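# Structural overview
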Amino acid sequence: MENISIFVDVQNIYYTCKEKYNATFNYKTFMQKVLQNNNLVKAIAYAIDKGDVKQKQFQKTLESFGFEVKLKPYIQRGDGSTKGDWDVGITIDILEYAKGCDKIFLLSGDGDFELLVKKIITDYDVKVESYGVPGLTADNLIKSVTNFTPITKDMLLF
């Protein structure tokens, strides 16, 4: 059994699954799969909080699957653009938990994580497995991880 930690960029997974498949990621199936032969050290899902009732139900569901849910407020700027990015928070947590793990699972298609992934693999000798939507996951992230698992229809809720 390997010690693992899981880090989910919820917005990235939500929007890429919606764009490619018009579906949502099945977190329950994912957790059942990765926990079969592994010891969970930590699981964190990073999301933006709009105060929406449906969103709060989803967050409670994630908690029931074993995730700690970290929230940032939804920010809409005066020009109409929005802000809600967890990249730095995810990076800090991965650097903290990687030291006690054999493998990190990163659910995101964001290429900004390439440098972090390389550091974890090189400096901590920890494997990094990334899950992302094919065609919507950055090539540099796919090339940097130990293993890339494409999110396919069998991992979704329609």
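Structure's up top.
Small disclaimer: the values here were computed from a predicted structure and weren't measured.

## Observations concerning the layout of surface pockets
- Counted as a void, the largest pocket has a volume near 640 Å³.
- Taken together, 21 residues make up the lining of the largest pocket; nearest its centre are Tyr 14, Thr 24, Lys 54, Gln 55 and Phe 58.
- Residue assignment for the lining of the largest pocket shows that the elements contributing at least two residues are α1 (10–21), β2 (24–25), α2 (27–34) and α3 (53–64).
- A total of six residues in the lining of the largest pocket trace back to one element, the largest contributor, which is α3.
- Taken together, the residues that form the lining of the largest pocket break down as 11 nonpolar, six polar and four charged.

## What to know about the side chain of Ser 130
- Mapped onto the elements, Ser 130 comes out in strand β8 (residues 127–132).
- The class of Ser 130 is buried, set by a relative accessible area of 0%.
- A distance of 3.3 Å separates the side chain of Ser 130 from the backbone oxygen of Leu 106, its partner in a polar contact.
- Beyond its immediate chain neighbours, meaning those up to four positions away, Ser 130 contacts Leu 106, Ser 108, Leu 141, Val 145, Asn 147, Phe 148 and Thr 149.

## Here's the deal with helix α4 (residues 87–98)
- With 12 residues, α4 extends 16 Å between its outermost C-alpha atoms, agreeing within 8% with the 16 Å of an ideal straight helix rising 1.5 Å per residue.
- Among all positions of α4, only Asp 87, Gly 89, Ile 90, Asp 93, Ile 94 and Ala 98 are buried. End-on, the buried residues of α4 take up no more than an arc of 160 degrees, which puts them together on one face.
- In this structure, the buried side of α4 is in contact with β1 (2–9), β3 (38–49), β4 (68–73), β7 (103–107) and α5 (114–124).

How each quantity is defined
Residues numbered from 1 in each chain as written. Predicted model: local features only at pLDDT ≥ 70, side-chain atom pairs only at ≥ 80, totals over all residues. Heavy atoms only, no water. 1 Å grid on protein atoms, 1.4 Å probe; cavity = no way out; pocket = protein on both sides within 12 Å on 5 of 7 lines; lining within 4 Å. Points joined across faces, edges and corners; volume = space filled by probe spheres on them. Helix = DSSP H or I, 4+ residues; strand = E, 2+ residues; numbered from the N terminus. Nonpolar A, V, L, I, M, F, W, Y, C, P; charged D, E, K, R; others polar. Buried < 20%, exposed > 50% of the residue type's maximum accessible area, 1.4 Å probe, protein only. Polar contact = N/O pair within 3.5 Å; in protein donor to acceptor, adjacent residues only side chain to side chain. Contact = heavy atoms within 4.5 Å. Expected span 1.5 Å × (residues − 1). Arc of directions from axis to C-beta.

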